[in-house]
Amino acid sequence: MTDLVSEFSQRVQAAAKQGSALRPRGGGSKDFHACKLGGEPLDVSGYQGIVNYDPTELIITAKAGTPICDIEATLAEGGQMLACEPPRLSAGSTLGGCVAAGWSGPRRAYAGSVRDFVLGTRILNGRGEDLRFGGEVMKNVAGFDLSRLMTGSFGTLGLILEVSLKVLPRPLQELTLRFDLDEAHAIAAMNAWAAQPLPLSGTAWFDNKLYVRLSGPEPAVRAAKEKMGGEPQSDAQALWTSVRDQTLPHFSGTLWRLSIKSTTPALNLPGKSLLEWNGALRWLNSAADATAVHAAARKAGGHALRYRGGDLSQGLFQPDPAMLKLQQRIMAALDPDNVFSPARLHPSL
Amino acid sequence: MGKQERFDQLVQPLVDKHELIRRLSAVLKPDCLLYDAEDMRPYECDGLSAYTQLPMVVALPENEAQVQAVMRVCHAARVPVVARGAGTGLSGGAMPHAQGVTLGLSKLKKILEIDPVARMARVQPGVRNLAISDAAAPYGLYYAPDPSSQIACSIGGNVAENSGGVHCLKYGLTVHNVQKVRFVTIEGELLELGGDGLDNPGYDLLALITGSEGLLGVTTEITVKLLPTPVKAQVVLAAFSSLVDAGNAVANIIGAGIIPAGLEMMDKPAVHAVEQFVHAGYPLDAEAILLCESDGTPEEVENEIARVSEIMRTSGAFEIRTSRDDAERLKFWSGRKSAFPAVGRIVPDYFCMDGTIPKRRLAEVLDGISKLQDTHQLRCANVFHAGDGNLHPLIMFDANDDAQLQRAKQFGSDILRLCIEVGGTVTGEHGVGIEKINEMCIQFGQAELLQFHAIKHAFDAFALLNPGKAVPTLRRCAEFGAMHVHRGQTKFPELPRF
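Cut-off values and rules
- Residues numbered from 1 in each chain as written.
- Chains lettered and ligands numbered in written order.
- Predicted model: local features only at pLDDT ≥ 70, side-chain atom pairs only at ≥ 80, totals over all residues.
- Heavy atoms only, no water.
- Helix = DSSP H or I, 4+ residues; strand = E, 2+ residues; numbered from the N terminus.
- Rg over C-alpha atoms; globule rule 2.2 N^0.38 Å.
- Buried < 20%, exposed > 50% of the residue type's maximum accessible area, 1.4 Å probe, protein only.
- Contact = heavy atoms within 4.5 Å.
- Areas by Shrake-Rupley, 256 points an atom, 1.4 Å probe, with all protein chains shown as cover.
- Lys, Arg positive; Asp, Glu negative; His and termini not counted.
- Charge placed at Lys NZ, Arg CZ, Asp CG, Glu CD.
- Pairing = 2+ DSSP bridges.
- Axes fitted to C-alpha atoms, helices over the stretch in contact; angles between N-to-C directions.
- 1 Å grid on protein atoms, 1.4 Å probe; cavity = no way out; pocket = protein on both sides within 12 Å on 5 of 7 lines; lining within 4 Å.
- Points joined across faces, edges and corners; volume = space filled by probe spheres on them.
- Nonpolar A, V, L, I, M, F, W, Y, C, P; charged D, E, K, R; others polar.
- pLDDT = per-residue confidence, 0-100.
- Left-handed = near helix turned anticlockwise from the far one by under 90°.
- Salt bridge = Lys/Arg side-chain N within 4 Å of Asp/Glu carboxyl O.
- Buried area = accessible area lost by both parts, 1.4 Å probe.
- Disulfide = S-S within 2.5 Å.

1. Observations concerning the overall build of chain A
Here's step 1: Across its full length, chain A carries eleven helices and 17 strands.
Here's step 2: The C-alpha radius of gyration computed for chain A amounts to 20 Å, which stays within 12% of the reference 20 Å derived for 349 residues, consistent with globular compactness.
Here's step 3: With respect to the principal axes defined by its C-alpha atoms, chain A has extents near 65 × 50 × 35 Å.
Here's step 4: The buried share of chain A, reckoned over its 349 residues, is 61%.

Right, dumping it as structure tokens:
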């Protein structure tokens with residue numbers, strides 16, 4: 001164990017003994033997203049560095065405190081990228097925070113999510129034990145997939161120390177097309193294109209404009225453009241960065257994140273929507289009643305997450321009782337003394 | 001009681017066979033319940049026929065409510081439950097339990113819905129993998145994971161094993177292609193994991209149960225993603241005079257930013273075995289051949305094939321062929337796809353191993369396997385999902401010769417140890433089951449194994465679901481004797497050795 005890891009481990013063990021709580025924290029860029037910010041911060045940002053990277057293996061392993069920007073810079077030198085495009089909500093956003101949140105960006109619907117790319121983790125559980133799951137190989141079905149379980153757990157199950165991720169080559173060329181479409185026509189168009197063999201790599205709809213990104217070899221991108229029509233978007237890189245890093249004005253205020261069936265018609269709720277992922281992700285900027293939002297998401301085969309603003313104290317999401325009970329038991333299996341980030345996700349998680 | 005003893009303790013059934021049959025008869029039709037030895041014989045093993053066991057009872061529910069009812073009966077009576085799909089698994093994961101119920105899901109075989117617009121299929125667990133793609137084909141869609149047994153294996157089994165296939169470097173494993181499952185716990189409770197969207201808040205239980213080998217619950221309905229069928233596919237066949245050159249070609253292709261739809265390697269013994277069998281036209285003087293498939297739009301394929309061919313040339317291939325049409329593409333693939341039966345034709349028995357290694361260690365591992373052939377006096381042919389590092393050594397032996405069988409088992413175990421030593425894993429896609437249970441003690445330390453048991457306990461407090469598989473107890477590891485050694489420390493210092 002390195003000194004820092006053994007220090008973390010001792011703090012976890014001490015907290016378990018005293019009945020106190022700790023909150024793993026990287027860049028702190030997602031502090032706004034919490035049912036409760038409990039526990040003393042456990043600063044992981046000092047535990048950083050790339051442990052292993054070989055472009056021909058398509059795998060990078062880094063310590064949790066490593067800034068996402070550093071990882072992306074290293075990958076770019078190898079001609080590769082994090083294809084899940086996790087949001088960089090601040091320059092200090094870390095790998096640990098990215099995996100703990102499990103949030104993915106525009107390329108997610110076409111290349112995969114953070115969770116899809118996680119291959120292995122090294123964690124401390126609630127007893128301060130230093131554990132490794134998965135590893136630096138693409139295919140691994142030995143043991144339960146605790147690495148993917150940690151993804152999206154927001155530091156409530158343990159402290160993420162290191163992560164191995166699958167990475168992908170950067171596309172040879174990218175082109176973004178712009179279409180003037182209302183929401184209903186945009187939803188229909190995105191789903192129709194997604195059912196065809198086209199080199200899609202991003203969709204975003206807002207302000208009655210649909211943006212579609214294509215990625216691949218130049219002839220393939222050109223052929224797709226000819227088939228689809230639309231107007232080439234000039235400052236496309238900046239546009240996708242503003243969607244990915246959530247710097248558009250739409251992402252401020254009271255914001256809901258609905259993950260639902262992509263073909264769901266425009267939501268019958270007050271407020272403004274921004275769509276991604278062929279319509280499977282709806283960012284709803286709205287002061288609508290929480291009950292109505294949750295009900296609309298459930299009806300559309302998915303879930304609503306209170307992303308930012310409003311009353312987060314009742315939980316960021318609404319699990320059904322049987323599911324909540326099982327999630328509590330899983331939390332107890334990893335963190336029996338409830339050391340890690342109590343009530344971050346939900347009053348009882 | 002310490003946690004270690006808690007996980008080692010076996011709960012004894014509260015009823016005898018007669019009483020169990022009486023209780024199950026109340027929830028299943030008579031023809032859905034088998035308990036005579038001759039009726040249960042087809043269920044005594046899965047695709048790993050070296051391990052057999054008759055269960056106490058075979059239950060074949062016809063719907064979800066009956067699955068729940070069987071689970072409630074077994075839970076109340078503390079009777080083990082071993083779920084079974086098509087029985088094509090290669091690790092003995094569905095081998096029955098002598099005091100248990102084998103829960104066959106083959107009667108749950110309806111395709112419930114194909115949604116071509118949202119690109120999803122909702123199916124029951126007994127539906128065959130290939131049947132999903134067949135049903136989606138009229139819409140120009142397909143289900144991407146394609147284990148080699150896809151004509152027979154069921155989607156429920158694919159979820160339990162997190163099955164892969166030759167296209168998973170580009171299209172992912174089962175875990176990447178399942179959106180939602182209906183899941184019955186050992187208490188008979190029904191849960192829905194995942195959703196029709198692409199992610200879900202809370203803990204990712206869908207990822208956790210995928211590949212859990214029937215230890216956490218039973219799926220009764222599965223929603224999978226469908227992808228647009230690629231317009232075109234083409235294959236490059238390249239022959240190399242050394243395994244090292246072929247390995248370098250794989251690294252060079254990936255390093256050049258190409259993710260092929262499939263990238264497969266076969267060594268000389270495998271090439272010779274399949275040529276006798278299917279006459280795919282493989283060069284017999286090659287030490288290794290690579291098959292590299294590109295798919296997508298015609299423009300994508302043309303671009304990629306040109307780049308792949310050039311890399312094969314500069315990496316030292318002495319012969320390169322590109323499929324001219326689909327018939328030739330399928331001919332190139334026919335050898336690779338028939339590697340297992342081809343080996344099965346030249347020897348009475350073989351074990352197929354399933355380790356995954358970092359690709360850069362390939363030459364070293366193949367050299368190690370070659371030396372093990374001498375040690376164990378048995379031959380081995382290697383086929384390899386080269387793009388993702390998943391190795392399938394085929395150990396050839398005669399099971400009628402008990403000494404050979406024992407040597408073959410030890411040979412397999414030694415290969416898995418080698419995979420762990422180079423930073424790999426004992427199983428890439430076939431699962432641990434019963435076959436690799438001992439090697440799990442080498443791959444994982446005590447703390448990790450206890451963590452697995454704690455997770456299992458959260459779902460199944462009496463350890464009734466597929467007991468004895470996938471995750472070894474610490475007692476079993478101590479008896480096996482091959483300990484996970486990390487930085488010179490034995491991980492089980494407090495346990496007695498037998």
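2. Notes on the overall build of chain B
Here's step 1: Scanning chain B from N- to C-terminus turns up 19 helices and 20 strands.
Here's step 2: Taken over the C-alpha trace, chain B has a radius of gyration of 23 Å; the compact-globule value for 498 residues is 23 Å, and the two agree within 12%.
Here's step 3: Intrachain contacts of chain B at a sequence separation of at least 6 include 71% that bridge at least 24 residues.
Here's step 4: Carbon and sulfur atoms form 50% of the exposed surface of chain B, whose accessible area is close to 17,900 Å².
Here's step 5: A distance of 2 Å separates the average location of the 47 positive side-chain charges in chain B from that of its 60 negative side-chain charges.

3. Considering helix α9 (residues 236–244) of chain A
Residue and element names in this part refer to chain A.
Here's step 1: Inspection of α9 places A236, L239, W240, S242, V243 and R244 among the buried residues, and these make up the whole buried set.
Here's step 2: Next to the buried residues of α9 lie α2 (68–77), β10 (173–180), β11 (200–206), β12 (209–216) and β15 (272–276).
Here's step 3: After α9 finishes, the residue Q246 shows a positive phi value of roughly 60°.

4. Observations regarding unusual backbone geometry
Residues and elements named next belong to chain A.
Here's step 1: Not every positive phi belongs to a glycine, and Q246 is a case in point at roughly 60°.
Here's step 2: Unusually for a residue other than glycine, W277 sits at a positive phi of about 55°.
Here's step 3: When you line up the elements, W277 lands in the loop between β15 and β16 (281–285).
Here's step 4: Since its relative accessible area comes to 1%, W277 is described here as buried.

5. Thoughts on the sheet that holds β12(A)
Residue and element names in this part refer to chain A.
Here's step 1: Strand order in this open sheet of eight strands is β13-β10-β12-β11-β15-β16-β14-β17, and the pairing throughout is antiparallel. Unpaired on one side and paired on the other, β13 (231–232) and β17 (303–308) mark the two borders of the sheet.
Here's step 2: Pairing of strand β14 (residues 255–259) with β17 involves five bridges; the strand directions are antiparallel. Its bridge partner lying in β17, L258 is registered against A304.
Here's step 3: Contacting β10, β11, β12 and β13, helix α8 (residues 218–228) crosses the sheet at an angle of about 150° to β12.

6. Regarding empty space enclosed by the protein
Residue and element names in this part refer to chain A.
Here's step 1: The final tally for this structure, using the stated rule, is nine cavities of 30 Å³ or more.
Here's step 2: Elements with a contribution of two residues or more to the lining of the largest cavity: β1 (22–25), α3 (95–101) and β8 (159–166).
Here's step 3: Counting residues per element, the lining of the largest cavity draws most heavily on α3, which supplies four residues.
Here's step 4: In terms of residue class, the lining of the largest cavity is built from eight nonpolar, twelve polar and five charged.
Here's step 5: Empty space within the second largest cavity amounts to approximately 220 Å³.

7. As for the confidence of the model for chain B
The predicted coordinates ought not to be read in detail in places where the model reports low pLDDT.
Here's step 1: Mean pLDDT over chain B works out to 93, with 95% of the residues at or above the 70 mark.
Here's step 2: For this predicted complex, the interface score ipTM comes out at 0.97, alongside a pTM of 0.96.

8. With respect to the packing of helix α10 (residues 243–255) of chain B against helix α12 (residues 298–314) of chain B
Residues and elements named next belong to chain B.
Here's step 1: Where α10 contacts α12, the axes come no closer than 9 Å and their chain directions differ by 140°. For the pair α10 and α12, the crossing hand works out as right-handed. Taken together, the residues of α12 that come into contact with α10 (itself represented by A249, N252 and I253) are V308, I311 and M312.
Here's step 2: Classifying every residue of the contact of α10 with α12 by side-chain character gives five nonpolar, one polar and no charged.

9. Examining the pattern of salt bridges
Residue and element names in this part refer to chain B.
Here's step 1: Taken as a whole and assessed by the stated rule, the structure comprises 47 salt bridges over all chains.
Here's step 2: Between E287 and K268 there is a salt bridge, with the nearest N and O atoms lying 3.3 Å from each other. On the criterion of sequence distance, the pair formed by E287 in the loop between α11 (268–278) and β14 (288–296) and K268 in helix α11 is long-range, its members being 19 residues apart.
Here's step 3: The class of K268 is partly exposed, set by a relative accessible area of 27%.
Here's step 4: Linked through salt bridges whose partners overlap, the residues forming this network are E64, E113, R122, R182, E192 and E221.

10. Topic: the sheet that holds strand β3 (residues 50–54) of chain A
Residues and elements named next belong to chain A.
Here's step 1: Spatial ordering of the open sheet is given by β3-β4-β8-β6-β7, a layout of five strands whose pairing is antiparallel. Of all strands in the sheet, those bounded by a partner on one side alone are β3 and β7 (130–134). Neighbour to neighbour, the strand axes of the sheet diverge by 10° on average, direction disregarded.
Here's step 2: Here strand β6 (residues 118–124) pairs with β7 via five bridges, running antiparallel.

11. Describing the interface of chain A and chain B
When the parts of a complex come together, some accessible area is lost, and that lost area is often taken as the interface size.
Here's step 1: Taken together, the 75 residues of chain A in the interface contact 89 residues of chain B.
Here's step 2: Between chain A and chain B lies a buried interface of about 6,600 Å² when both sides are counted; carbon and sulfur atoms form 60% of it.
Here's step 3: Applying the counting rule to chain A against chain B returns seven salt bridges.
Here's step 4: For B:E429, the salt bridge identified is with A:K139, shortest N-O distance 2.9 Å.

12. Observations concerning the state of the cysteines
All names here are of chain B.
Here's step 1: Within the structure shown, the criterion is met by one disulfide over all chains.
Here's step 2: Through a disulfide, C441 is tied to C477; the S-S separation comes to 2.1 Å. Across the disulfide from C441 to C477, rotation about the S-S bond amounts to roughly -80°, and the bridge is consequently left-handed. With a gap of 36 residues between them, C441 in helix α17 (residues 440–443) and C477 in helix α19 (residues 474–480) connect regions that are remote in the sequence. In this structure, C441 and C477 share a single accessibility class: buried.

13. Some points on the pairing of strand β8 (residues 178–184) of chain B
Residue and element names in this part refer to chain B.
Here's step 1: In terms of burial, β8 is a largely internal element, six of the seven residues being buried.
Here's step 2: One ladder, built from six bridges, connects β8 with strand β10 (residues 218–225); its direction is antiparallel. When the sheet's bridge partners are listed, V181 is paired in β10 with I222.

14. Things to note about the environment of B:V166
Residue and element names in this part refer to chain B.
Here's step 1: Secondary-structure assignment places V166 in the loop between α6 (155–161) and α7 (168–171).
Here's step 2: You can call V166 buried: its relative accessible area is 14%.
Here's step 3: Measuring from C-alpha to C-alpha, the distance between V166 and V383 comes to 11 Å, with 217 residues separating the pair along the chain.

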